[in-house]
Amino acid sequence: MDDSSLKSGRSRGRPSQYEEGGPARREIMFMAARLYYESRKLKRMECPACRRFLPTLRERVARRCPLCRADWAVTELTRLTQEDVAALLESPTFAPSRSEIQRLIGEAQDDGILQIHVLRAQEDHELADCRDELLSVFPGLLEARVVKGREDLFDLDALKAHTAESIRPVRNAVLVPAARAAAELILGILHKHLEEGKEPTLCISWGYVVHLIADALRPAEAMPAVTVAPFVGALTAHPFEANVYDSNLLAQQVSEQFHSEERALWLASPAFVRHEGERDSLTKCILVQEVLEQIRKAHVVTFSIAPADEDNSTLVERGLLKREDVLLVKRNGAIGEIAGHFFDQNGRPVSGVYPIGLGLDPLRDLVSNRRAVVTLVAADRRRVEPLRAAIRGGLVNILVTDHLTAKTLVTQA
Ligand SMILES: [Zn+2]
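Residues numbered from 1 in each chain as written. Predicted model: local features only at pLDDT ≥ 70, side-chain atom pairs only at ≥ 80, totals over all residues. Heavy atoms only, no water.

Visitor: Tell me about the packing of aromatic side chains, and please be specific about residues and values.
Guide: If you walk through the whole model with that rule in mind, you get four aromatic pairs. Relative to Tyr-37, the ring of Tyr-36 has its centre 5.1 Å away and its plane inclined at 80°; by these criteria the two rings are edge-to-face. Owing to a relative accessible area of 32%, Tyr-37 belongs among the partly exposed residues under this scheme. Note on Phe-231 and Phe-303: the rings are 5.9 Å apart at their centroids and 75° apart in plane angle, and the pair reads as edge-to-face. One end of the pair, Phe-231, is in the loop between strand E5 (227-230) and helix H10 (247-258); the other, Phe-303, is in strand E7 (residues 300-303), and 72 residues separate them in sequence. (Phe/Tyr/Trp six-rings, centres within 6.5 Å; stacked < 30°, edge-to-face > 60°. Buried < 20%, exposed > 50% of the residue type's maximum accessible area, 1.4 Å probe, protein only. Helix = DSSP H or I, 4+ residues; strand = E, 2+ residues; numbered from the N terminus.)

Dropping the structure here:
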């Protein structure tokens, strides 16, 4: 019997609970990915501190000695092989082969449990210079964070080779670190308010980028005194629809992560209506009015900024707006939007569609009152001009971006 038939014989004995898609399968994917990418083992069989022999792999998969408790230096440690991971995960009911581990890690990546980002080494001082330059060129900005961008995302010809599917992981290589930076900033500001004895409100918009921030908003300790509220009403009547990054749903998710569910707010209205009168009567409903009043006093607001574009609009794609609606607001001068609130090149609101949400004038008031209005715009050249208009128009005072967006903003200011 050759080696490969032996291995397949072992995995045939695998109980059905580990079959693809099951919760046990996801758990084992998670464990395999963690062991492979995050764990380290001692290179040698003996402890460099006490010199005692450590015969089992389990004893050596650690950062310190199980016998003398000495911390092992990083240089004494090495990554686990897939064979090591297989051995560590072996149990009486589950005996994975090395190729099974490889498959589990691949599945973890497809599932999104594991994300791999290919980045050049971050040139920290260059990024810090970029930040300083942003702050000096745009006096309206109170704070900025700059992460490393990718040239290929700024090259419109290179982008043509991509599909909407294939571009996402490339964009994530920039957006995920930027979302982490934004989340870190937001948590820091909320902490400061809490330390001062305040009960701050965080108002959160919608969309893919904001969902990345929401995922990263995981405080080390619970924040039960923070109210999390949506920026705008509901995008959809189908909350379980795939990839709905709805403002209400993201606010719920974040309040769960903060353990502040009791304070979470829900804006019980559609995100848009088509007539001014309809908007006015809806915003007078107590259920809606109360939430709007609360978000107009928010301590922290976060959103991304998109161009007004009838061909690449999530709102049009989801049937919330018609193509003609976007063409209409563009004729009225719109160049960008924040959660469906369209604005012109000076950041002034444009009429044509009527969002039910925070509103641009109240947003500008928050900026004037030096509340933290945090936007994340990165990895997309089409968003630079709307971003510039929003900064110029006083709709934002904290920017998280990548160095290429920052350079474009600064050189054409
Ligand atoms: Zn030792």
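Visitor: Any chance you could break down the sheet that holds E5 for me, citing the residues and the numbers?
Guide: Across a sheet, strands are paired by hydrogen bonds formed along the backbone, either parallel or antiparallel in direction. Overall, parallel pairing links the six strands, which are arranged E3-E13-E12-E7-E4-E5 in an open sheet. Edge strands, defined here as strands with exactly one partner in the open sheet, are strand E3 (143-147) and E5. Recorded for the sheet is a direction-independent mean angle of 15° between the axes of neighbouring strands. Looking at chain direction, E7 and strand E12 (residues 372-376) are connected through four bridges and run parallel. (Pairing = 2+ DSSP bridges. Axes fitted to C-alpha atoms, helices over the stretch in contact; angles between N-to-C directions.)

Visitor: Any details on the sheet that holds strand E10 (residues 341-343)? Residues and values, ideally.
Guide: Strand order in the open sheet formed by three strands is E8-E9-E10, and the pairing between neighbours is antiparallel. Among the strands making up the open sheet, the edge pair consists of strand E8 (306-307) and E10. Taken together, the two bridges between E8 and strand E9 (residues 336-338) define a ladder with antiparallel strand orientation. Each residue of the ladder has a partner; that of Ala-306, found in E9, is Glu-337.

Visitor: Talk me through the environment of Thr-81; I want residue IDs and the actual numbers.
Guide: Mapped onto the secondary structure, Thr-81 falls in the loop between strand E2 (77-79) and helix H4 (82-89). Considering only alpha carbons, one finds Thr-81 and Gln-252, 171 residues apart in sequence, at a separation of 40 Å.

Visitor: Account for the pattern of salt bridges, naming residues and giving values.
Guide: Counted under the stated rule, the structure contains 26 salt bridges. The partner of Arg-25 in a salt bridge is Glu-107, and the shortest N-O contact between them spans 2.7 Å. Taken together, the residues span a long stretch of sequence, with Arg-25 in helix H2 (residues 23-38) and Glu-107 in helix H5 (residues 98-111) at a distance of 82 residues. Among the residues examined, Arg-25 registers a relative accessible area of 2% and is labelled buried. A cluster of three or more residues bridged by salt bridges with shared partners is formed by Arg-25, Glu-100, Arg-103 and Glu-107. (Salt bridge = Lys/Arg side-chain N within 4 Å of Asp/Glu carboxyl O.)

Visitor: Which residues make up the coordination of the zinc ion, and what values do they have?
Guide: Surrounding the zinc ion are the protein donor atoms Cys-47 (SG), Cys-50 (SG), Cys-65 (SG) and Cys-68 (SG), at 2.2 to 2.4 Å. Taken together, the four donor atoms coordinating the zinc ion span angles of 101 to 120° at the metal, a pattern that classifies the geometry as tetrahedral. Written as a sequence motif, the donor residues of the zinc ion are C-x2-C-x14-C-x2-C. Separated by 15 residues along the polypeptide, Cys-50 in the loop between strand E1 (40-42) and helix H3 (57-60) and Cys-65 in the loop between H3 and E2 bring together distant segments of the chain. Take Cys-65: its relative accessible area is 0%, and that puts it in the buried class. (Donors = N, O, S within 2.8 Å, 3.2 Å for Na, K, Ca; no water. Tetrahedral: all angles 85-135°; square planar, octahedral: opposite > 155°, others 65-115°.)

Visitor: For the pairing of E3, give the residues involved together with the corresponding values.
Guide: With four of its five residues buried, E3 lies for the most part within the structure. Bridge analysis of E3 against strand E13 (residues 398-402) gives five bridges, and the strand direction is parallel. Across the sheet, Ala-144 pairs through a bridge with Leu-399, a residue of E13.

Visitor: Report on the pairing of E13, specifying residues and quantitative values.
Guide: Of all five residues that make up E13, five are buried, and the element is covered over most of its length. Where E12 lies against E13, three bridges are found, and the strand directions are parallel. Bridge pairing in E13 places Val-374 opposite Ile-398. Between the parallel pair E12 and E13, the chain is carried across by helix H16 (residues 384-392), and the sense of this crossover is right-handed. (Right-handed = clockwise from strand over helix to strand, strands pointing away.)

Visitor: Lay out a nonpolar patch on the surface in plain terms, naming residues and giving numbers.
Guide: There is a patch of nonpolar side chains on the surface, built from Phe-30, Met-31 and Ile-113 and spanning about 220 Å² of accessible area. According to the relative accessible area criterion, Ile-113 is partly exposed, its value standing at 30%. (Patch = residues over 30% accessible without salt bridge, like charges linked within 9 Å, V, L, I, M, F, W, Y side chains within 5 Å. Areas by Shrake-Rupley, 256 points an atom, 1.4 Å probe, with all protein chains shown as cover.)

Visitor: Break down H10 for me, with residues and values.
Guide: For H10, built from 12 residues, the straight-helix expectation of 16 Å at 1.5 Å per residue is met to within 8% by its first-to-last C-alpha distance of 16 Å. In the core, the buried residues of H10 are packed alongside helix H8 (164-195), strand E4 (201-204), helix H9 (208-216) and E5. At the N-terminal end of H10, a side-chain oxygen is found 2.9 Å from the backbone nitrogen of Asn-248, two or three residues along, and the residue is Asp-246. At the C-terminal side of H10, His-259 shows a positive phi close to 55°. (Expected span 1.5 Å × (residues − 1). Contact = heavy atoms within 4.5 Å. Polar contact = N/O pair within 3.5 Å; in protein donor to acceptor, adjacent residues only side chain to side chain.)

Visitor: Just give me the short version of the packing of H4 against H5, but keep the residues and values in it.
Guide: Here H4 crosses H5 at 95°, and the two axes come no closer than 8 Å. Relative to H5, the element H4 lies roughly perpendicular. Within the contact between the two elements, H4 uses Gln-82, Glu-83, Val-85, Ala-86 and Leu-89 and H5 uses Arg-98, Ile-101, Gln-102 and Ile-105. For the contact of H4 with H5, a count of residues per class yields five nonpolar, two polar and two charged. (Parallel < 35°, antiparallel > 145°, perpendicular 65-115°, else oblique. Nonpolar A, V, L, I, M, F, W, Y, C, P; charged D, E, K, R; others polar.)

Visitor: Any chance you could break down unusual backbone geometry for me, citing the residues and the numbers?
Guide: Even without being glycine, Arg-51 reaches a positive phi, approximately 65°. Tracing the backbone shows Arg-51 in the loop between E1 and H3. Exposure remark for Arg-51: the relative accessible area of 52% places this residue in the exposed category.

Read these as geometric descriptors, not functional statements.
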